[in-house]
Amino acid sequence: MKRVYKSPVTPERLHNYAQAFPDETWEHFRRRNRRGYREVKQQLLQDQHGLCAYCEISIKLAENEDNVDDFRVEHFFPKVGTQLSGHNYHLDWHNLLGVCHGKPISERILNPLKIPASVRLFRYQEHTGKMIVDEDSCPKKLQSRARNTIRELNLNAPRLQRMRLALIRILEDEINNALAGGADLEEFLPLLAESILLPDEDGNYQPFFSVARWYLGEVAEDILREREYRL
């Protein structure tokens, strides 16, 4: 899980709808304003650089308007909380995330919109791809929620572990091939880190950003510091 930086500006059609119908539900907005719903999803995809806010697999909009997108809009604070708090979480742009699935468990897990970007929260087993809370760098006050996040979102599902392990193997091979070819590791690693961690020409990240960040260690942290952790 990486920090998500949302656009501070609410998508225009959602903003206008919320102004006109401040007490309406998300379901009504989605049904009555299909273009607005699509606009929200496009902005979420752009803000998250093509990654699920929770597990970091690639997500995308369907190419055809009639097909189903491979991600959904998640309300981090449950919509039912509107009745209890008086705040309309349904139409709150800053409560929306793009995820590959969603669960009403916000009180027990980390919020990708609020986690610190300047420290690593998780590490991974090199031989399995298993995700573990990094007790050396994850702030103590977040460790319990970090463990809950792994468990509640099933982030160690076999499929995710296999996909993370595949990336670890790719990185291992890249480094070993570079060394075999006589490359200077101090020069090569920053180039490798940039190729993995920086967005591509479409503004999307490679899947499992946090795995690459952990594997590349201080070289990755140097790149993130240079950009003030705004990636």
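Residues numbered from 1 in each chain as written. Predicted model: local features only at pLDDT ≥ 70, side-chain atom pairs only at ≥ 80, totals over all residues. Heavy atoms only, no water.

Engineer: Residue-level account of the overall build of the protein chain, with values.
Structural biologist: Helix and strand counts for the protein chain stand at eight helices and four strands. Listing the helices and strands of the protein chain from first to last along the sequence gives α-α-α-β-α-β-β-β-α-α-α-α. By principal-axis analysis of the C-alpha atoms, the protein chain measures approximately 65 × 40 × 35 Å. Classification of the 231 residues of the protein chain by burial places 49% in the buried group. For the protein chain, the computed accessible surface area is about 12,500 Å², with 47% contributed by carbon and sulfur atoms. (Helix = DSSP H or I, 4+ residues; strand = E, 2+ residues; numbered from the N terminus. Buried < 20%, exposed > 50% of the residue type's maximum accessible area, 1.4 Å probe, protein only. Areas by Shrake-Rupley, 256 points an atom, 1.4 Å probe, with all protein chains shown as cover.)

Engineer: Mind laying out the packing of aromatic side chains, listing which residues take part and the relevant values?
Structural biologist: Scanning all chains against the criterion turns up nine aromatic pairs. Here Tyr 17 and Phe 21 contribute two aromatic rings whose centre-to-centre distance is 4.9 Å and whose plane-to-plane angle is 50°, an arrangement assigned as tilted. Taking the centre distance of 5.7 Å and the plane angle of 65° together, the rings of Tyr 124 and Trp 214 count as edge-to-face. With a gap of 90 residues between them, Tyr 124 in strand 3 (residues 122-124) and Trp 214 in helix 8 (residues 209-226) connect regions that are remote in the sequence. Aromatic rings pair up to connect Tyr 17, Phe 21, Trp 26, Phe 29 and Tyr 37 into one cluster. Positioned over the ring face of Phe 209 is Lys 2, at 5.0 Å from the centre of the ring. Lying across the ring of Phe 71, Lys 41 places its NZ or CZ 4.6 Å from the centre. (Phe/Tyr/Trp six-rings, centres within 6.5 Å; stacked < 30°, edge-to-face > 60°. Lys NZ or Arg CZ within 6 Å of the ring centre and 35° of its normal.)

Engineer: Quick one: what's the story with helix 5 (residues 140-152), residue by residue and with numbers?
Structural biologist: Its 13 residues give helix 5 an end-to-end C-alpha distance of 19 Å, which sits within 8% of 18 Å, the value for a rise of 1.5 Å per residue. Buried residues of helix 5: Leu 142, Gln 143, Ala 146, Asn 148, Thr 149, Ile 150 and Glu 152, and no others. The inward-facing, buried residues of helix 5 abut strand 3 and strand 4 (131-133). Note on helix 5: the residue one or two positions beyond its end, Asn 154, has a positive phi of about 55°. (Expected span 1.5 Å × (residues − 1). Contact = heavy atoms within 4.5 Å.)

Engineer: So, the nonpolar core: which residues are in play, and what are the values?
Structural biologist: In terms of nonpolar packing, the biggest core is built from 57 residues, with Tyr 54, Leu 110, Phe 122 and Leu 192 touching the most fellow members. Among the secondary structure elements, those contributing two or more residues to this core are strand 2 (96-99), strand 3, strand 4, helix 5, helix 6 (158-180), helix 7 (185-197) and helix 8. (Core = buried A, V, L, I, M, F, W, Y, C linked by side-chain atoms within 4.5 Å.)

Engineer: Hey, could you go over helix 3 (residues 34-47) for me, with residue numbers and the actual values?
Structural biologist: With 14 residues, helix 3 ought to run about 20 Å at 1.5 Å a step, and its terminal C-alpha atoms sit 20 Å apart, in line with that. Those residues of helix 3 not exposed but buried are Gly 36, Tyr 37, Arg 38, Glu 39, Val 40, Lys 41, Leu 44, Leu 45 and Asp 47. If you follow the buried residues of helix 3, they end up packed against helix 1 (12-20), helix 2 (26-32), strand 1 (72-75) and strand 2. Phi for His 49, located one or two positions after helix 3, is positive at around 55°.

Engineer: Could you give an account of the side chain of Glu 221, with specific residues and numbers?
Structural biologist: Locating Glu 221 in the fold gives a position in helix 8. Residue classification places Glu 221 among the buried residues on the basis of a relative accessible area of 6%. A polar atom in the side chain of Glu 221 sits 2.7 Å from the side chain of Arg 213. Residues contacting Glu 221, with those up to four places away along its chain left out, are Ser 118, Arg 120, Arg 213 and Tyr 229. (Polar contact = N/O pair within 3.5 Å; in protein donor to acceptor, adjacent residues only side chain to side chain.)

Engineer: Give a description of the pairing of strand 2 that names residues and reports values.
Structural biologist: A two-sided burial pattern is seen for strand 2, the buried positions comprising Leu 96 and Gly 98 on one face and Leu 97 and Val 99 on the other. Two elements, strand 1 and strand 2, share four bridges in a ladder whose sense is antiparallel. Bridge assignment links Arg 72 to a residue of strand 2, and that residue is Val 99. (Pairing = 2+ DSSP bridges.)

Engineer: So what's going on with the pattern of salt bridges? Which residues, and what values?
Structural biologist: What the rule picks out here adds up to 11 salt bridges. One salt bridge connects Arg 120 with Glu 221, and the closest N-O pair in it is separated by 3.5 Å. Here Arg 120, found in the loop between strand 2 and strand 3, pairs with Glu 221, found in helix 8; they are 101 residues apart in sequence, far enough to count as distant. One salt bridge in this structure joins Arg 225 and Asp 222, with 2.5 Å as the shortest N-O distance. Linking Arg 225 with Asp 222, this pair stays in helix 8, spanning three residues, or about one helical turn. (Salt bridge = Lys/Arg side-chain N within 4 Å of Asp/Glu carboxyl O.)

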